[in-house]
Amino acid sequence: MNHNIINSKLKKLKEHIKKILSPPSYMIPYGISYLKFLTIQRNIKSYPENIIEEYDLVFVVLDLAKGWILEAICKEIATYFPGKYCFHYSASSLPPSKAYFFAHYSFLPVCLKQNPHIWDRRMVVFHTHPRTDIGISNEELIYAMNRASKVICMCSQFSQLLVSQKLKSEKVTYILGAADPKMFLPHERSNGAVGFCTAFYYRKEPERIFNIIKMMPLRKFILLGKGWEKYDKFAEMKALANFSYIEVPYSDYPRYYAQMDVFVSTAKLEGGPIPLIEAMMCNVVPVASKTGFAPDLIIHGENGFMFDTNSSVETICELIEQAYKVKTNVRKTVEHLSWENFSLDFQEFLK
């Protein structure tokens, strides 16, 4: 068989393989079948072996998380990161780097699709809390996260949940949230206010917050947050004599934590919340729902109280009153949770 015939057959074979591997037009963009296609494509397609690594770490934030707490967490990590890094706000054209940190797990599938060169790099993924509105099935998401070097959860319960959903156990861990111990300073508790700190989201249980305030007219309440004008009962809430709504820059938050004796977190679903740590650093006694990292931080009856996510308002109010009797130095139980320590723990997964 001469070379022309051989070359002709090889050309037809390559065309046939290409046709098989090309995803059909109806394929879900980030579906598991498409990710598997990418895995095969990555294995057979030739990429330059001498890609110059521009950075030691690229923070993949994407525009939708810009200005949100996820970007703020990345900036805290970057503050203590010794290498060369950059922030990237698009799913495409990720610059060459030794490692990538995906500020939210939903960013991973689309970036895998658009950046084949990252598949053999270290990829660390941040997992806050489960969501069902990211556009792909949980099976597809787990498939993508199993391609990562490490998935870091904010709390132990979601780390365990991911393993139960078939994420490889060696791929997942958790690092509790953090706060700045030099910014959030302790104060002596002395019949201060009950505090909340949250932007307005329905998963934060605004109705529950409103009812707690109404049921405890002899206690003063402070709500630190933003966007609460969207709440349909906000005018009625704001008119309550024992309630103050505070919308100030983040740098002013410690001034209002200093006015609190008890901090309440009512959400039914949390990755954190970070304000829980901030309040505890200020020696405020927490009363929190059993979600996020509350069970990792709070020893019920010692440095705070917890309640089931479906607990009644009456139960929460009773725990708030009990919190005023706590004598524990709450700050001592969380002061190790600094952003510097958070960053150092994170950097261990880049090695």
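None of the values given here were measured: they were computed from a predicted structure.

## Digging into the overall build of the protein
Thought 1: Each helix and strand counted, the protein has 13 helices and twelve strands in total.
Thought 2: In the protein, which comprises 351 residues, the share counted as buried stands at 52%.
Thought 3: Partitioning the contacts of the protein with sequence separation of at least 6, the portion at a separation of at least 24 is 66%.
Thought 4: As displayed, the protein offers around 17,300 Å² of accessible surface, 52% of which is attributable to carbon and sulfur atoms.

## Topic: unusual backbone geometry
Thought 1: For the bond running from G272 to P273, omega is 5°, close enough to zero to count as cis.
Thought 2: You can see P273 is positioned in the loop between strand 10 (260-265) and helix 10 (274-281).

## Describing the sheet that holds strand 12 (residues 305-307)
Thought 1: Read across the sheet, six strands follow the order 9-8-7-10-11-12 without closing on themselves; strand pairing throughout is parallel. Edge positions in the open sheet fall to strand 9 (243-246) and strand 12, since each of these has one partner strand only. Sheet twist, expressed as the average angle between the axes of neighbouring strands with direction ignored, equals 20°.
Thought 2: Pairing geometry for strand 7 (residues 193-197) and strand 8 (residues 221-224), over four bridges, is parallel. Looking at strand 8, one finds that V194 is bridged to F221.
Thought 3: Sheet strands touched by helix 7 (residues 206-215): strand 7, strand 8, strand 9 and strand 12. Its angle to strand 7, the strand with the most contacts, is close to 170°.

## Focus on the packing of helix 3 (residues 69-79) against helix 13 (residues 339-347)
Thought 1: For the pair helix 3 and helix 13, interaxial distance at closest approach is 8 Å and the crossing angle is 80°. Accordingly, the angle class assigned to the pair helix 3 and helix 13 is roughly perpendicular. In contact with I73, E76 and I77 of helix 3, helix 13 contributes W339, F342, S343 and F346.
Thought 2: Of the residues contributing to the contact of helix 3 with helix 13, the split by class is five nonpolar, one polar and one charged.

## So, the environment of T198
Thought 1: Positionally, T198 belongs in the loop between strand 7 and helix 7.
Thought 2: Judged by its relative accessible area of 11%, T198 falls in the buried class.
Thought 3: Separated by 77 residues in sequence, T198 and P275 place their C-alpha atoms 7.8 Å apart.
Thought 4: Apart from residues no more than four positions distant in its own chain, T198 is found in contact with K204, I209, L223, L224, G225, K226 and W228.

## Focus: the packing of aromatic side chains
Thought 1: Per the counting criterion, the structure on display carries 21 aromatic pairs.
Thought 2: Ring plane angle 15° and centroid distance 6.0 Å describe the contact between F196 and F221, whose orientation is recorded as stacked. Pair noted here: F196 is in strand 7 and F221 is in strand 8, with a separation of 25 residues, a long-range link.
Thought 3: Judged by centre distance (5.2 Å) and plane angle (75°), the ring pair of W339 and F342 falls under edge-to-face. In this pair, W339 and F342 both sit in helix 13, three residues apart, roughly one turn of the helix. Both residues of the pair, W339 and F342, belong to the buried class.

## With respect to the pairing of strand 4 (residues 122-127)
Thought 1: Among the six residues in strand 4, five count as buried, and that is most of the element.
Thought 2: With four bridges joining them, strand 3 (residues 99-102) and strand 4 adopt parallel strand pairing. Of the residues in strand 4, the one forming a bridge with Y100 is M123.
Thought 3: The handedness of the strand 3 to strand 4 crossover, carried by helix 4 (residues 107-114), is right-handed.
Thought 4: The sheet contact formed by strand 4 and strand 5 (residues 150-153) spans four bridges and is parallel. Across the sheet, residue H127 finds its bridge partner in strand 5, namely C153.

## Points about the sheet that holds strand 2 (residues 85-88)
Thought 1: Strand order in the open sheet formed by six strands is 2-1-3-4-5-6, and the pairing between neighbours is parallel. Since the sheet does not close on itself, it has two edges, and those belong to strand 2 and strand 6 (172-174), each with one partner. Neighbour-to-neighbour, the strand axes of this sheet turn through a mean angle of 20°, independent of strand direction.
Thought 2: Across the sheet, helix 6 (residues 156-164) is in contact with strand 4, strand 5 and strand 6; its angle to strand 6 comes to roughly 170°.

## Things to note about the confidence of the model for the protein
Thought 1: On average, residues of the protein score 87 in pLDDT, and 85% of them are at 70 or above.
Thought 2: Long-range and interchain partners of residues 16-32, a stretch whose pLDDT sits below 50, account for 22 contacts in this model, where long-range means more than four residues apart.

Definitions and limits used
Residues numbered from 1 in each chain as written. Predicted model: local features only at pLDDT ≥ 70, side-chain atom pairs only at ≥ 80, totals over all residues. Heavy atoms only, no water. Helix = DSSP H or I, 4+ residues; strand = E, 2+ residues; numbered from the N terminus. Buried < 20%, exposed > 50% of the residue type's maximum accessible area, 1.4 Å probe, protein only. Contact = heavy atoms within 4.5 Å. Areas by Shrake-Rupley, 256 points an atom, 1.4 Å probe, with all protein chains shown as cover. Pairing = 2+ DSSP bridges. Axes fitted to C-alpha atoms, helices over the stretch in contact; angles between N-to-C directions. Parallel < 35°, antiparallel > 145°, perpendicular 65-115°, else oblique. Nonpolar A, V, L, I, M, F, W, Y, C, P; charged D, E, K, R; others polar. Phe/Tyr/Trp six-rings, centres within 6.5 Å; stacked < 30°, edge-to-face > 60°. Right-handed = clockwise from strand over helix to strand, strands pointing away. pLDDT = per-residue confidence, 0-100.

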